[in-house]
Amino acid sequence: MTMTFWASSFVVIRALGDTVDPGPMALGRLLVGSAVLTALVLLRRARRAGRRTPPLPRGRALAATLGYGALWFGVYTVTVNAAGRLVDAGTTAMLVNLAPVLVALLAGFLLREGFPPQLLLGLLVAFAGVLLIASASWTGRLHPLGVGLALAAAGLYAVGVLLQKQALATAEPLTVTWLGCLAGTAVTLPFAGTALEQLGGRSWPATLGVVYLGIFPTAVAFLLWTYALSRTSAGRMAASSYVVPGIAVLLSWLFLAETPTAVALLGGAVSLAGVALTRLRRPARR
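- Looking up the chain in an unreviewed UniProt entry gives the name EamA family transporter, with the organism given as Auraticoccus cholistanensis.
- You can read under Sequence similarities (unreviewed entry) in the UniProt record for the chain the words "Belongs to the EamA transporter family."

What follows is the structure, encoded as structure tokens:
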């Protein structure tokens, strides 16, 4: 569900690209996401009236939560939106999808998750699928700033996942997602004036698109992601995101009438095979 919602966000972002700028779009979706997550937190507290509720993270856990939220929810969202305006979709997908490889490498060293052979092999196969998808929409023209922004987005993604994993060591998923989204919203507040101009007086489809981005790809998808991340390794979880480009190709075909090439479809199948490899476990020894 997480990967499907994230894939759908690329379709909506592409549809809104000529109407809403990257910064205001990020602020709008994060405001909606923060409102949904705040409602869930208040609902849980109301249902647990008289009973102990999960405490807020403190110390290093709080710093990791706010840090990942500012970097991943806030800066990453604006950065990847801006990169998509300067370079073609294929190049953006290829560069941003370096993130799962970075996560696996950094988690192996910093979080001591190790380097399982099937994880590394699956990452290579899945990334090869992304290269095939990217080749289908590559124009051959590279904008230096766009390339830099896409690489920066990959780094922000990787660092955000590692900080989030550290926060989940002592805090529960809903609280970590909620506070992270609030931190990301605070980072994008400088775009408030432009957001009012572009969303306040525009047609209702643009507003509905931003609301959709806030509810499903932001609040729901990130909450599900955080819940799953708390129960598996960062490397294996990040590798799952390689199914996103393949799903995005199919959704673009269905909703934007963008017919995928045979190479893109093949790339999606290869990415799925790579993700399947990362989920394999070694048979238990007797």
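Right, picking up where we left off after that structure.
## Looking at the overall build of the chain
And step 1. Tallying secondary structure elements over the chain gives 13 helices and 0 strands in all.
And step 2. For the chain, the proportion of its 286 residues judged to be buried stands at 49%.
And step 3. When the accessible surface of the chain is summed, it comes to about 13800 Å², and 69% of that surface belongs to carbon and sulfur atoms.

## Examining the nonpolar core
And step 1. With 57 residues, the main nonpolar core has Trp 6, Trp 72, Tyr 76, Tyr 157 and Trp 225 as its most contacted residues.
And step 2. Sort the elements by how many residues they give to this core and helix α7 (residues 144-167) lands first, with 9 residues.
And step 3. Every residue in contact with Tyr 157, bar those within four places of it in the chain, is listed here: Trp 72, Tyr 76, Ala 99, Val 103, Trp 225, Ala 238 and Ser 241.
And step 4. Counting residues in each nonpolar core, the second largest holds 9 residues, with Leu 16, Val 20, Met 25 and Leu 213 among its members.

## Overview of helix α1 (residues 2-16)
And step 1. The end-to-end C-alpha distance of α1 is 21 Å, a good match for the 21 Å that 15 residues give at a rise of 1.5 Å each.
And step 2. Burial analysis of α1 places 11 of its 15 residues in the buried class, which makes it a mostly covered element.
And step 3. Contact partners of the buried residues in α1: α2 (22-47), α3 (59-86), α10 (204-229) and α12 (244-255).

## A closer look at α3
And step 1. For α3, built from 28 residues, the straight-helix expectation of 40 Å at 1.5 Å per residue is met to within 8% by its first-to-last C-alpha distance of 39 Å.
And step 2. The largest bend along α3 measures about 40 degrees and falls at Tyr 76.

## Considerations on the packing of α2 against helix α8 (residues 173-187)
And step 1. In contact at an axis separation of 9 Å, α2 and α8 are set at 150 degrees when each is read in the N-to-C sense. The two elements α2 and α8 cross, and the hand of that crossing is left-handed. In contact with Leu 27, Leu 30, Leu 31, Gly 33, Ser 34, Leu 37, Thr 38, Leu 40, Val 41 and Arg 44 of α2, α8 contributes Leu 174, Thr 175, Thr 177, Trp 178, Cys 181, Leu 182, Gly 184 and Thr 185.
And step 2. Considered class by class, the residues forming the contact of α2 with α8 number 10 nonpolar, 7 polar and 1 charged.

## With respect to a nonpolar patch on the surface
And step 1. Among the surface-exposed residues, Leu 102, Leu 105, Leu 106, Phe 109, Leu 110, Phe 115 and Leu 120 lie close enough to one another that they form a single nonpolar patch of about 620 Å² accessible area.
And step 2. Of all the elements, helix α5 (residues 99-110) adds the most residues to the nonpolar patch, at 5 residues.
And step 3. For Leu 106, the position within the fold is in helix α5.
And step 4. When its relative accessible area of 32% is taken as the criterion, Leu 106 is described as partly exposed.

## So, the packing of aromatic side chains
And step 1. Going through the model one piece at a time under the given rule, you end up with 11 aromatic pairs.
And step 2. Ring centres 5.2 Å apart and planes at 35 degrees place the aromatic pair Trp 6 and Trp 225 in the tilted group. Within this pair, whereas Trp 6 is found in helix α1, its partner Trp 225 is found in helix α10, the two being separated by 219 residues in sequence.
And step 3. Owing to a relative accessible area of 9%, Trp 6 belongs among the buried residues under this scheme.
And step 4. Here Trp 225 falls in the buried class, since its relative accessible area comes to 0%.

## Comments concerning the confidence of the model for the chain
And step 1. Here the chain averages 83 in pLDDT, and 88% of its residues register 70 or above.
And step 2. In the model of the chain, helix α4 (residues 89-96) stands out as the element of lowest mean pLDDT, 68, in contrast to α8, which has the highest, 96.

## Remarks on the pattern of salt bridges
And step 1. All told, the structure shown has 1 salt bridge when counted by the stated rule.
And step 2. Measuring nitrogen to oxygen at the nearest pair gives 3.0 Å for the salt bridge that ties Arg 44 to Glu 172. With Arg 44 in helix α2 and Glu 172 in the loop between α7 and α8, this pair connects stretches of sequence that are 128 residues apart. Each member of the pair, Arg 44 together with Glu 172, is buried.

## So, the packing of α2 against α3
And step 1. Where α2 meets α3, the axes come as close as 8 Å, and the angle between the chain directions of the two elements is 140 degrees. Between α2 and α3, the angle is such that the two are oblique. The hand of the α2/α3 crossing is right-handed. Between α2 and α3, the contacting residues are Pro 22, Gly 23, Met 25, Ala 26, Arg 29 and Leu 30 on the first element and Phe 73, Gly 74, Thr 77, Val 78, Asn 81, Ala 82 and Arg 85 on the second.
And step 2. In terms of residue class, the contact of α2 with α3 is built from 7 nonpolar, 4 polar and 2 charged.

Quick notes on the rules
Residues numbered from 1 in each chain as written. Predicted model: local features only at pLDDT ≥ 70, side-chain atom pairs only at ≥ 80, totals over all residues. Heavy atoms only, no water. UniProt positions renumbered as here; feature names shortened; annotations may be inferred. Helix = DSSP H or I, 4+ residues; strand = E, 2+ residues; numbered from the N terminus. Buried < 20%, exposed > 50% of the residue type's maximum accessible area, 1.4 Å probe, protein only. Areas by Shrake-Rupley, 256 points an atom, 1.4 Å probe, with all protein chains shown as cover. Core = buried A, V, L, I, M, F, W, Y, C linked by side-chain atoms within 4.5 Å. Contact = heavy atoms within 4.5 Å. Expected span 1.5 Å × (residues − 1). Bend = angle between axes of the 7 residues up to and from the residue. Axes fitted to C-alpha atoms, helices over the stretch in contact; angles between N-to-C directions. Left-handed = near helix turned anticlockwise from the far one by under 90°. Nonpolar A, V, L, I, M, F, W, Y, C, P; charged D, E, K, R; others polar. Patch = residues over 30% accessible without salt bridge, like charges linked within 9 Å, V, L, I, M, F, W, Y side chains within 5 Å. Salt bridge = Lys/Arg side-chain N within 4 Å of Asp/Glu carboxyl O. Phe/Tyr/Trp six-rings, centres within 6.5 Å; stacked < 30°, edge-to-face > 60°. pLDDT = per-residue confidence, 0-100. Parallel < 35°, antiparallel > 145°, perpendicular 65-115°, else oblique.

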